[in-house]
Amino acid sequence: MSKKLFGIDCMGCGIQRAVALLLNGEFEAAFYMYPAIYTLLPFFIFVGLSFIDKSRNYHKAIVGFGIITAILMVTSYFYKVIYY
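Notes on the structure follow. Given the structure is predicted, the values throughout are model-derived calculations rather than measurements. (Residues numbered from 1 in each chain as written. Predicted model: local features only at pLDDT ≥ 70, side-chain atom pairs only at ≥ 80, totals over all residues. Heavy atoms only, no water.)

### Topic: the environment of Val63
- Examined against the element boundaries, Val63 turns out to sit in helix 5 (residues 59-83).
- For Val63, a relative accessible area of 38% gives the class partly exposed.
- In sequence terms Val63 and Glu28 are 35 residues apart; their C-alpha atoms lie 26 Å from each other. (Helix = DSSP H or I, 4+ residues; strand = E, 2+ residues; numbered from the N terminus. Buried < 20%, exposed > 50% of the residue type's maximum accessible area, 1.4 Å probe, protein only.)

What follows is the structure in structure tokens.
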């Protein structure tokens with residue numbers, strides 16, 4: 001939507017296609033489409049586990065994967081903007 005309106009990609013552009021590529025078994029292509037996909041999936045898994053399993057503390061894993069994912073998203077976004 002932001003690409004159509006403003007002419008630039010958003011930081012989430014490519015995530016849906018990356019998930020589709022993962023489901024088709026194209027792991028390398030998914031990485032090139034959206035590099036943060038491999039840290040975003042464990043992030044959502046740990047968030048889901050924190051709601052299901054209240055006896056364990058998943059806070060460190062959630063924060064860790066969240067920080068790494070944010071860094072990858074911002075880095076890959078600026079790389080895409082500069083080089084493409």
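### With respect to the environment of Ala70
- Along the chain, the position of Ala70 falls in helix 5.
- Taking C-alpha positions, Ala70 is 8.0 Å from Ala36, a pair spaced 34 residues apart along the chain.

### A word on the packing of helix 4 (residues 37-52) against helix 5
- Here helix 4 crosses helix 5 at 150°, and the two axes come no closer than 9 Å. By the angle between their axes, helix 4 is roughly antiparallel relative to helix 5. Between helix 4 and helix 5 lies a crossing of left-handed hand. From helix 4, Thr39, Leu40, Pro42, Phe43, Phe46, Val47 and Ser50 reach across to helix 5, where they touch Ala61, Ile62, Phe65, Gly66, Ile68, Thr69 and Leu72.
- In terms of residue class, the contact of helix 4 with helix 5 is built from 10 nonpolar, 4 polar and no charged. (Axes fitted to C-alpha atoms, helices over the stretch in contact; angles between N-to-C directions. Parallel < 35°, antiparallel > 145°, perpendicular 65-115°, else oblique. Left-handed = near helix turned anticlockwise from the far one by under 90°. Contact = heavy atoms within 4.5 Å. Nonpolar A, V, L, I, M, F, W, Y, C, P; charged D, E, K, R; others polar.)

### Considering the state of the cysteines
- Per the counting criterion, the structure on display carries 0 disulfides.
- Cys13 provides the cysteine sulfur closest to Cys10, a residue in no disulfide bond, and the two sulfurs are 3.1 Å apart.
- What makes Cys10 partly exposed here is its relative accessible area of 33%.
- Accessibility expressed as a relative area gives 18% for Cys13, which makes it buried. (Disulfide = S-S within 2.5 Å.)

### Quick look at the packing of aromatic side chains
- A full pass over the atoms with the stated rule returns 6 aromatic pairs.
- Judged by centre distance (5.8 Å) and plane angle (70°), the ring pair of Phe31 and Tyr32 falls under edge-to-face.
- Given the relative accessible area of 61%, Tyr32 is considered exposed.
- With a centroid separation of 5.4 Å and 70° between ring planes, the pair formed by Tyr77 and Phe78 is classed as edge-to-face.
- Given a relative accessible area of 15%, Tyr77 falls into the buried group.
- Assessed through its relative accessible area of 44%, Phe78 is described here as partly exposed.
- A network of ring pairs unites the aromatic residues Phe46, Tyr58 and Phe65 as a single cluster. (Phe/Tyr/Trp six-rings, centres within 6.5 Å; stacked < 30°, edge-to-face > 60°.)

### Some remarks on the side chain of Thr69
- Considering the arrangement of structural elements, one finds Thr69 in helix 5.
- Look at Thr69 and you get buried, because its relative accessible area is 4%.
- When sequence neighbours within four positions are dropped, the list of residues in contact with Thr69 reads Ala36, Thr39 and Leu40.

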